[in-house]
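# Structure at a glance
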Amino acid sequence: MDFALRDILAARKAIRGVADSTPFVPSSYMTEVAGHDFLLKLENMQPIGAFKLRGAMNAVMALPEDTPGVTCCSTGNHGRGVAFAARNRGIRAVICMSKLVPQAKVDGIRALGAEVRIIGTSQDDAQAEAERLVAEEGLTEVSPFDDPRVIAGQGTIGLEMLEARPDLDMLLVPLSGGGLAAGVAVAAKTINPRIRVIGVSMDRGPAMHLSIAAGGPVEVEEVPSLADSLGGGIGLANKLSFPLCRDHLDGTVLVTEEEIYHAMQTLYYEDRIVAEGACVVGIAAMLADKLDAPRGPVGTIVTGRNLDMEMFTRVVTGQDIELGDYTVKGAPYARKV
Ligand SMILES: *Cc1c(COP(=O)(O)O)cnc(C)c1O
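Residues numbered from 1 in each chain as written. Predicted model: local features only at pLDDT ≥ 70, side-chain atom pairs only at ≥ 80, totals over all residues. Heavy atoms only, no water.

## Here's the deal with the sheet that holds strand 7 (residues 170–174)
Under the convention used in this document: Any two strands with at least two DSSP bridges between them are considered paired. Counting from the N terminus, the helices are DSSP H or I runs at least four residues long and the strands are E runs at least two residues long. Working convention: axes come from line fits to C-alpha atoms, limited for helices to the stretch in contact. Angles between N-to-C directions cover 0 to 180 degrees. Contact criterion: two residues are considered in contact whenever any of their non-hydrogen atoms come within 4.5 Å of each other.
Across the sheet, which stays open at both edges, the six strands sit in the order 1-2-10-7-8-9 with mixed pairing between neighbours. Edge positions in the sheet fall to strand 1 (24–26) and strand 9 (251–255), since each has one partner strand and no second. Adjacent strand axes in the sheet meet at a mean angle of 30 degrees when their direction is disregarded. Set on the sheet, helix 8 (residues 179–191) makes contact with strand 7, strand 8 (196–202) and strand 10 (298–302); between it and strand 7 the angle comes to about 165 degrees.

## Some details on the packing of aromatic side chains
Quick reminder of the rule: Here the aromatic set is Phe, Tyr and Trp, taking the six-membered ring for Trp, and pairing holds for ring centres within 6.5 Å; pairs whose planes are under 30 degrees apart are stacked, those over 60 apart are edge-to-face, and all others are tilted. Categorising residues by exposure relies on relative accessible area from a 1.4 Å probe, with only protein chains included: less than 20% of the type maximum marks a residue as buried, more than 50% marks it as exposed, and the intermediate range marks it as partly exposed. Counted as over-ring charges are cases with an Arg CZ or a Lys NZ within 6 Å of the ring centre that also lie within 35 degrees of the ring normal.
Following the criterion strictly, the structure yields three aromatic pairs and no others. Centre to centre, the rings of Tyr 268 and Phe 312 are 5.4 Å apart; their planes meet at 85 degrees, and the pair counts as edge-to-face. Taken as a pair, Tyr 268 in helix 11 (residues 257–271) and Phe 312 in helix 13 (residues 309–316) lie far apart in primary sequence, 44 residues in all. A relative accessible area of 26% places Tyr 268 in the partly exposed class. Geometrically, the ring pair formed by Tyr 269 and Tyr 333 is stacked, given 5.3 Å between the ring centres and 5 degrees between the ring planes. One end of the pair, Tyr 269, is in helix 11; the other, Tyr 333, is in the segment after strand 12 (326–328), with 64 residues separating them in the sequence. By the ring-pair criterion, three or more aromatic residues cluster together here, those being Tyr 268, Tyr 269, Phe 312 and Tyr 333. A cation over an aromatic ring shows up here: Arg 87 above the ring of Phe 84, its NZ or CZ 5.5 Å from the ring centre.

## Details of empty space enclosed by the protein
Let me state the cut-off plainly: Each cavity reported here is a set of points on a 1 Å grid over the protein atoms alone in which a 1.4 Å probe fits but cannot get out, each pocket an open set with protein on both sides within 12 Å along at least five of seven lines, and each lining residue one with an atom within 4 Å of a point. Grid points are joined across faces, edges and corners, and a volume is the space filled by probe spheres set on the points.
Scanning all chains against the criterion turns up one cavity of 30 Å³ or more. For the largest cavity, the calculated volume is near 30 Å³. Lining the largest cavity are Glu 259, His 262, Ala 263, Ala 284, Leu 287, Ala 288 and Lys 336. Going through the elements one at a time, helix 11 and helix 12 (281–287) are the ones with two or more residues in the lining of the largest cavity.

## Comments concerning the pattern of salt bridges
Our working rule: Salt bridge criterion: a side-chain nitrogen from Lys or Arg within 4 Å of a carboxyl oxygen from Asp or Glu.
Within the structure shown, the criterion is met by 22 salt bridges. Notably, a salt bridge pairs Glu 163 with Arg 12, separated by 2.9 Å at the nearest N-O pair. Of this pair, Glu 163 sits in helix 7 (residues 148–164) while Arg 12 is found in helix 1 (residues 5–15), placing the two residues 151 residues apart along the sequence. With relative accessibility at 21%, the residue Arg 12 sits in the partly exposed group. One salt bridge connects Arg 246 with Asp 247, and the closest N-O pair in it is separated by 3.0 Å. A relative accessible area of 40% places Arg 246 in the partly exposed class. On the basis of relative accessible area, Asp 247 is assigned to the partly exposed category, the value being 46%.

## Quick notes on the environment of Gln 319
Using the following cut-off: Under this definition, polar contacts are N or O atom pairs within 3.5 Å; protein pairs additionally need one hydrogen-donor-capable and one acceptor-capable atom, and for neighbouring residues in sequence, both atoms have to be side-chain atoms.
Looking at the element boundaries, Gln 319 is found in the loop between helix 13 and strand 11 (321–323). Distance from Gln 319 to Val 337, taken between C-alpha atoms, is 22 Å for residues 18 residues apart in sequence. Not counting residues up to four positions away in its chain, the partners in contact with Gln 319 are Tyr 261, Arg 314 and Gly 330. A polar contact of 2.7 Å, which involves the side chain of Gln 319, links it to the side chain of Thr 317.

## Section: the layout of surface pockets
This is how it is decided: Those domain boundaries reflect an automatic or database domain assignment.
If you add up the space inside the largest pocket, you get close to 760 Å³. Around the largest pocket, the lining is made up of 45 residues, and of these Pro 144, Phe 145, Gly 177, Gly 233 and Ile 234 lie nearest the centre. Those elements that provide at least two residues to the lining of the largest pocket are helix 4 (77–89), helix 6 (123–137) and helix 8. Per-element tally for the lining of the largest pocket: the top contributor is helix 6, with three residues. For the lining of the largest pocket, the two domains that each supply at least three residues are domain 1 (5–49 + 147–325) and domain 2 (52–141). In this model, the second largest pocket occupies a volume close to 460 Å³. Around the second largest pocket, the lining is made up of 24 residues, and of these Leu 100, Pro 102, Ser 225, Asp 228 and Leu 323 lie nearest the centre.

This is the structure we're talking about:
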């Protein structure tokens, strides 16, 4: 496998001016909890409200001159990134998503001028439609995570974090298909081989965690989660994000919906940040004491802000949340530590 820091450095050049460096700021409350500086990489401040613009932009800019357009399947944010990048390049984009994707994300993608196809109830169904568009309409598919240019784009986040804070001891990376974790881990560990990079997922359908444990990609049942951006499988034919995560992550940790709920409240009340459930899994793992003790500064990535505000309001006001047939019991925010 030939993927390295130079790919990430090239990506940084390719996306400059569109997906630029974001702030990396301390959380004073989480610093108290961790006993070391705890820093938040604010990818919620990207123009599409999520880091996925980095990988999508790097991939779309590399398409051939005469491309008829681009397609992808997405849990929402990758589609938004591809739609933004395609509009930037002036090419057609068709985004395939399942019915599990929140309406706020669908609306955001349509607003960027992309065509949207809602297909079935899983990422796999959406994936099949993207493959049909490749075969029948000649569009190029950009995988949300299993693509070297996407991984390189996401890896620029690791580069920025290590440049800002070379003394980081631990990175907590929200983990789904693993494009983010793979890119960040390669960047971070090339610069500082002693850094610990931990992938964090929700315990309901953690595809990469189960695949690493099984020694190869496995299918997971996709169920509604507060961390909807972390849903979906890693693809049974996964070529790159699986081996990179397997080889470079120092561990994977799972958090419950209740822990995610509390962490969303924490980030909102302590740091006044509106963020998706997917962003707070690292904070949730730290608050639930599921990590080895940090020996130095800790960084995590606030990956996106594209959530349903009605749902978010219910969380921060302590109400119950229905996730299909699962209910997350609400409670008003109360400091744990
Ligand atoms: C896609 C996404 C992730 C996970 O990224 P992967 O590369 O699929 O592991 C985390 N948070 C948000 C908000 C996302 O959109």
